[in-house]
Amino acid sequence: MKNRIHIMGASGSGTSTLGKALAEVLPHNSLDTDDYFWISKFTKQRSIPDRIEMLKNDLSCSKQWVLSGAVVKWGECLESYFDLVIFLWVPTEIRLERLQQREINRYGEEVLPGGSKYEQSQAFLEWATLYDNAGVEVRSKVLHEKWMAGLSCPILRIEGDYSVEECVTTVKECLDSRNSI
């Protein structure tokens, strides 16, 4: 069994959702990098040394965990912790629809034109559109591919528009196989 699983991908690809779903069917704790990255969610970032210290502490408290979100560009020292990395990729238009809906669910009318969070929401969505075509200067597929190429652990790629249940099944099959990846 792969005991220390890291799930990564673009914003809106479903890393947090899959991490929570896996924690419900595996004997693993669910952790999310957003809880370490942000002091105040999506507005104030925690310093890199502080987030690494907090995350290392929590990773060390359990033998079996699923960590959702990206640590690229700040958590390279964590690479040796991973037994398996799961890379999620979802077509851009689907991701953006998910993100727009998530913004509305979180903030309601505040993200609509004239709302107090409209500009912030638009900037976030614009940033999220860069993922598939940007270079290594931002969180992008190119950056993630480069990072994964240097990993020593197995990588499971789930690429496409799959349901959470389908992704859980794929991961469980990978974990159950004798030749796990």
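Computed from a predicted structure; not experimentally measured.

Undergrad: Can you help me understand the packing of aromatic side chains in this one?
TA: Given two aromatic rings, one states the distance between the centres and the angle between the planes to describe the pair. Using the criterion set out here, one finds five aromatic pairs in the structure. Considering the side-chain rings of Phe 37 and Trp 38, the 4.9 Å spacing of their centres and the 65° angle between planes classify their relative orientation as edge-to-face. Across the pair, Trp 38 and Phe 37 agree in class, each one buried. Pairwise contacts between aromatic rings join Phe 37, Trp 38 and Trp 74 into one cluster. For the cation-ring pair, Arg 51 lies above Phe 37, with the distance from its terminal atom to the ring centre recorded as 4.0 Å. Above the plane of the ring of Trp 74 lies Arg 51, whose end atom (NZ or CZ) is 5.0 Å from the centre.

Undergrad: Just checking my understanding: could you explain the pattern of salt bridges for this structure?
TA: Two side chains carrying opposite charge are able to pair once their charged atoms lie near each other. What the rule picks out here adds up to six salt bridges. Across the salt bridge formed by Glu 145 and Lys 141, the nearest N and O atoms sit 3.2 Å from each other. With Glu 145 and Lys 141 both in helix α6 (residues 141–149) and four residues apart, the pair spans about one turn of that helix. Connected through salt bridges with shared partners, the residues Lys 141, Glu 145, Arg 157 and Glu 159 form a single ionic network.

Undergrad: Can you help me understand the side chain of Arg 51 in this one?
TA: By secondary structure assignment, the location of Arg 51 is in helix α3 (residues 48–60). Salt bridges are absent for the buried Arg 51, whose nearest opposite-charge side chain, Asp 50, sits at 8.5 Å. In this structure the side chain of Arg 51 is engaged in a polar contact, spanning 2.7 Å, whose partner is the backbone oxygen of Arg 46. Setting aside its immediate chain neighbours within four residues, Arg 51 contacts Tyr 36, Phe 37, Gln 45, Arg 46 and Trp 74.

Undergrad: Which parts of the structure should I look at to understand unusual backbone geometry?
TA: Negative phi is the rule for most residues except glycine; trans is the rule for most peptide bonds. Unlike most non-glycine residues, Lys 73 shows phi in positive territory, near 80°. Inspection of the secondary structure puts Lys 73 in the loop between β5 (65–68) and β6 (84–89).

Undergrad: Explain the side chain of Thr 33 to me, please; I cannot follow it from the model alone.
TA: Examined against the element boundaries, Thr 33 turns out to sit in the loop between β2 (29–32) and α2 (34–37). Its relative accessible area of 4% is what places Thr 33 among the buried residues. Residues within four places of Thr 33 in sequence aside, it is in contact with Leu 67, Ser 68, Gly 69, Ala 70, Val 71 and Trp 74.

Undergrad: Is there a simple way to think about the environment of Gly 108 in this case?
TA: Position of Gly 108 relative to the elements: it lies in the loop between α4 (92–107) and α5 (118–129). Gly 108 gets classed as partly exposed once you look at its relative accessible area, which sits at 26%. Each C-alpha atom of the pair Gly 108 and Thr 17 lies 21 Å from the other, and the pair is 91 residues apart in sequence.

The rules behind the values
- Residues numbered from 1 in each chain as written.
- Predicted model: local features only at pLDDT ≥ 70, side-chain atom pairs only at ≥ 80, totals over all residues.
- Heavy atoms only, no water.
- Phe/Tyr/Trp six-rings, centres within 6.5 Å; stacked < 30°, edge-to-face > 60°.
- Buried < 20%, exposed > 50% of the residue type's maximum accessible area, 1.4 Å probe, protein only.
- Lys NZ or Arg CZ within 6 Å of the ring centre and 35° of its normal.
- Salt bridge = Lys/Arg side-chain N within 4 Å of Asp/Glu carboxyl O.
- Helix = DSSP H or I, 4+ residues; strand = E, 2+ residues; numbered from the N terminus.
- Lys, Arg positive; Asp, Glu negative; His and termini not counted.
- Polar contact = N/O pair within 3.5 Å; in protein donor to acceptor, adjacent residues only side chain to side chain.
- Contact = heavy atoms within 4.5 Å.

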